[in-house]
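Now for the letters of each chain:
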Amino acid sequence: AQSVSQHNHHVILSEAASLELGCNYSYGGTVNLFWYVQYPGQHLQLLLKYFSGDPLVKGIKGFEAEFIKSKFSFNLRKPSVQWSDTAEYFCAVNDSGGGADGLTFGKGTHLIIQP
Amino acid sequence: NAGVTQTPKFQVLKTGQSMTLQCAQDMNHEYMSWYRQDPGMGLRLIHYSVGAGITDQGEVPNGYNVSRSTTEDFPLRLLSAAPSQTSVYFCASRNRGLGTEAFFGQGTRLTVV
């Protein structure tokens, strides 16, 4: 079975600081990887995804993530955070066979940006 | 542009009551799933469906039933609500295929007292 580990459950940063959120997964095969964001009181929205090609993927709102296969990692980065980035961030994985059985999520990282 | 619609948004149940959480999508997606979100636990898969008439269990299926009579609808039934089922429930849908994005509904916040 797949599992996803997010290293930081709570992160507090000041505006303009750089962000890196860690995500590691355990699955021996080829995977599809996702980062979702959940703003307060809202549903999950896709930030970015990787399923093949360039391991450095760019998403919305200036976010990017790097897939490092040898480390089973898919860390999320942003060079300069804004107050509006305050949200919960989830890393998720499914297998490349289509993953009809849904996504496996990490437990989430609650990010607070202080003005 | 509705996407995935869940009803109700909020619900309070007494222990032992039954109810159905509704989920409908208008994107003609084959795959639909139900998750529950609990503090510190992330989202956990309850049940999923790969098409009309086909459903299967996820990680935490006990106490829940699903059916998929049409492509659009995927209701989640709580047969006899328990306080442990207090949670936020999200329905999601996506297309078949590699790396396809899952679209989520707005969620249903359920409290069982």
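Residues numbered from 1 in each chain as written. Chains lettered and ligands numbered in written order. Predicted model: local features only at pLDDT ≥ 70, side-chain atom pairs only at ≥ 80, totals over all residues. Heavy atoms only, no water.

## Looking at the pairing of strand β8 (residues 64-68) of chain A
Residue and element names in this part refer to chain A.
Alright, step 1. Alignment of strand β7 (residues 56-58) against β8, held across 3 bridges, turns out to be antiparallel. Counterpart to Val 57 in the pairing with β8 is Ala 65.
Alright, step 2. Where β7 hands over to β8, the hairpin turn is made up of 5 residues, of which Lys 61 adopts a positive phi near 60°.
Alright, step 3. Across 5 bridges, the pairing between β8 and strand β9 (residues 73-78) is antiparallel. Among the inter-strand pairings, Ala 65 is bridged to a residue of β9, identified as Leu 76.
Alright, step 4. Between β8 and β9, which follow one another and run antiparallel, lie 4 residues, and Phe 72 among them has a positive phi close to 50°. (Pairing = 2+ DSSP bridges. Helix = DSSP H or I, 4+ residues; strand = E, 2+ residues; numbered from the N terminus.)

## Structural notes on the interface of chain B and chain A
Alright, step 1. Listed as interface residues are 22 residues of chain B and, on the opposing side, 22 residues of chain A.
Alright, step 2. Around 1,800 Å² of area is buried between chain B and chain A when both sides are counted, 57% of it from carbon and sulfur atoms.
Alright, step 3. Run the count over chain B and chain A and you get 0 salt bridges.
Alright, step 4. For the interface between chain B and chain A, the tally reads 4 residue pairs in polar contact (both at pLDDT 80 or more). (Contact = heavy atoms within 4.5 Å. Buried area = accessible area lost by both parts, 1.4 Å probe. Salt bridge = Lys/Arg side-chain N within 4 Å of Asp/Glu carboxyl O. Polar contact = N/O pair within 3.5 Å; in protein donor to acceptor, adjacent residues only side chain to side chain.)

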